[in-house]
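# What the coordinates show
Given next are the chains, with one letter for each unit.
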Amino acid sequence: APVSGGVKGAIDASLTFMTGCSSEETFQKIQPLLKRMGKAVLPCGTSGSGSAVKLCNNAALAAQMIGICEAMSLGESLGVDPSVLANVMNVSTAKCWSSEVNNPHPIAAKSIGSGASVNDYEGGFGTALMLKDLNLALDAAVEEGKSMPLTGLSRQLYSLADNRGLGRKDFGVMLQFLNGK
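What comes next is a walk through the structure.

Cut-offs used in this document
- Residues numbered from 1 in each chain as written.
- Predicted model: local features only at pLDDT ≥ 70, side-chain atom pairs only at ≥ 80, totals over all residues.
- Heavy atoms only, no water.
- Phe/Tyr/Trp six-rings, centres within 6.5 Å; stacked < 30°, edge-to-face > 60°.
- Helix = DSSP H or I, 4+ residues; strand = E, 2+ residues; numbered from the N terminus.
- Buried < 20%, exposed > 50% of the residue type's maximum accessible area, 1.4 Å probe, protein only.
- Disulfide = S-S within 2.5 Å.
- Pairing = 2+ DSSP bridges.
- Right-handed = clockwise from strand over helix to strand, strands pointing away.
- Contact = heavy atoms within 4.5 Å.
- Core = buried A, V, L, I, M, F, W, Y, C linked by side-chain atoms within 4.5 Å.

## Structural notes on the packing of aromatic side chains
Evaluation of the coordinates by the stated rule reveals three aromatic pairs. Ring centres of tryptophan 97 and phenylalanine 171 lie 6.4 Å apart, and the angle between their planes is 10°; this geometry places the pair in the stacked category. Here tryptophan 97, found in helix H5 (residues 97-100), pairs with phenylalanine 171, found in the loop between helix H8 (149-166) and helix H9 (174-178); they are 74 residues apart in sequence, far enough to count as distant. Note on tryptophan 97: relative accessible area 31%, which makes it partly exposed. Taking relative accessible area as the criterion, phenylalanine 171 reaches 1% and is therefore assigned buried. Their ring planes at 85° and their centres at 5.9 Å tell us that phenylalanine 125 and phenylalanine 171 sit as a pair that is edge-to-face.

Written out as C-alpha cells, the structure reads:
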C-alpha cells in the first residue's frame, strides 16, 4: 500500500497507509499488520485506488513545499528570522506539513525539531521520487482530461532541481535551488 509520512513517519511508526482493496474482508485482514507500522490505515476504494490517492496527495504536497520554500526565502531576504517566520506560519493560515514537520529551512527545522534540511536534506523524500510522482499524476490527468497547471509548474521546478544533481536530496532542497545554491 502507498504510504505518507516520510522517513520520520517510518522511524516513528506514524505512517499513513492508503489502501486499495478488493473487499472489506481483505482490508480487515491487512489493517492490523499495517497498524504496527503506522498511525492510520485508510481504505481508499478498490484495488489501485491507494496509488491514485498517493499521486493526488503528492501533487498537492509538491506545490505546498514550493510555496513554503518561496515564503521562507523571501522572509529571510527581508531580514525575518526563519524560526520566527515558521512559528508564525505554523499557527496561522499557512500551517501545513511542509512548514510544521519538514520545514525546508535548516534554522527553522532545527527550532521545530524535525526536517531533513537539518541534515543537508539527507534522509527525506527524494526530489527524484517527487518528480516521478508528479510525472505519473500529470500522465493520469492527461488521460482523464484534467488540467493541473500548478502540478505542471511543480514538475518543471523539480525537474530543474533534479537536473542540477539534487535528485537524491529531500524535496525541501527546493529552497536551496530557488536561492541559486
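What follows continues from the structure just given.
## Describing the state of the cysteines
If you walk through the whole model with that rule in mind, you get zero disulfides. Summary of cysteine pairing: cysteine 44 is not part of a disulfide, and the nearest cysteine sulfur, belonging to cysteine 21, is at 9.1 Å. A relative accessible area of 24% means that cysteine 44 is categorised as partly exposed. There is no disulfide at cysteine 69, and the cysteine sulfur nearest it, in cysteine 96, is 10 Å away. Accessibility expressed as a relative area gives 0% for cysteine 69, which makes it buried.

## So, the pairing of strand S2 (residues 15-19)
Most of S2 sits out of view: five of its five residues are buried. Burial along S2 is two-sided: the residues Leu15, Phe17 and Thr19 and Thr16 and Met18 are all buried. Where strand S1 (residues 3-4) and S2 come together, two bridges link them in antiparallel fashion. Its bridge partner being in S2, valine 3 is matched across the sheet by phenylalanine 17. Pairing analysis gives five bridges linking S2 to strand S3 (residues 38-43), with the strands arranged parallel. Bridge pairing in S3 links threonine 16 to alanine 40. Crossover connection from S2 via helix H2 (residues 24-35) to parallel S3: handedness right-handed.

## Digging into H8
For H8, the set of buried residues is Thr151, Gly152, Ser154, Tyr158, Ala161 and Leu166. Buried residues belonging to H8 abut helix H3 (49-77), helix H7 (127-144) and H9.

## Concerning the nonpolar core
Nonpolar side chains in soluble globular proteins tend to end up buried together. Counting 24 residues, the largest nonpolar core has Met72, Met130, Tyr158, Phe171 and Met174 as its most contacted members. For this core, the elements supplying multiple residues, two or more each, are H3, helix H4 (82-89), H7, H8 and H9. Considering every element that reaches this core, the biggest residue donor is H3, with seven residues. Leave out the neighbours within four places in its chain, and methionine 174 touches Ile66, Cys69, Leu157, Tyr158 and Ala161. Leu15, Phe17, Phe27 and Leu34 belong to the second-largest nonpolar core, a separate cluster that totals six residues.

## What to know about unusual backbone geometry
Backbone geometry at alanine 13 places phi at a positive 55°, although glycine is not the residue there. Residue position: alanine 13 is located in the loop between helix H1 (6-11) and S2. We classify alanine 13 as partly exposed; its relative accessible area is 34%. A positive phi is found at aspartate 120, a non-glycine position, where the angle reads about 55°.

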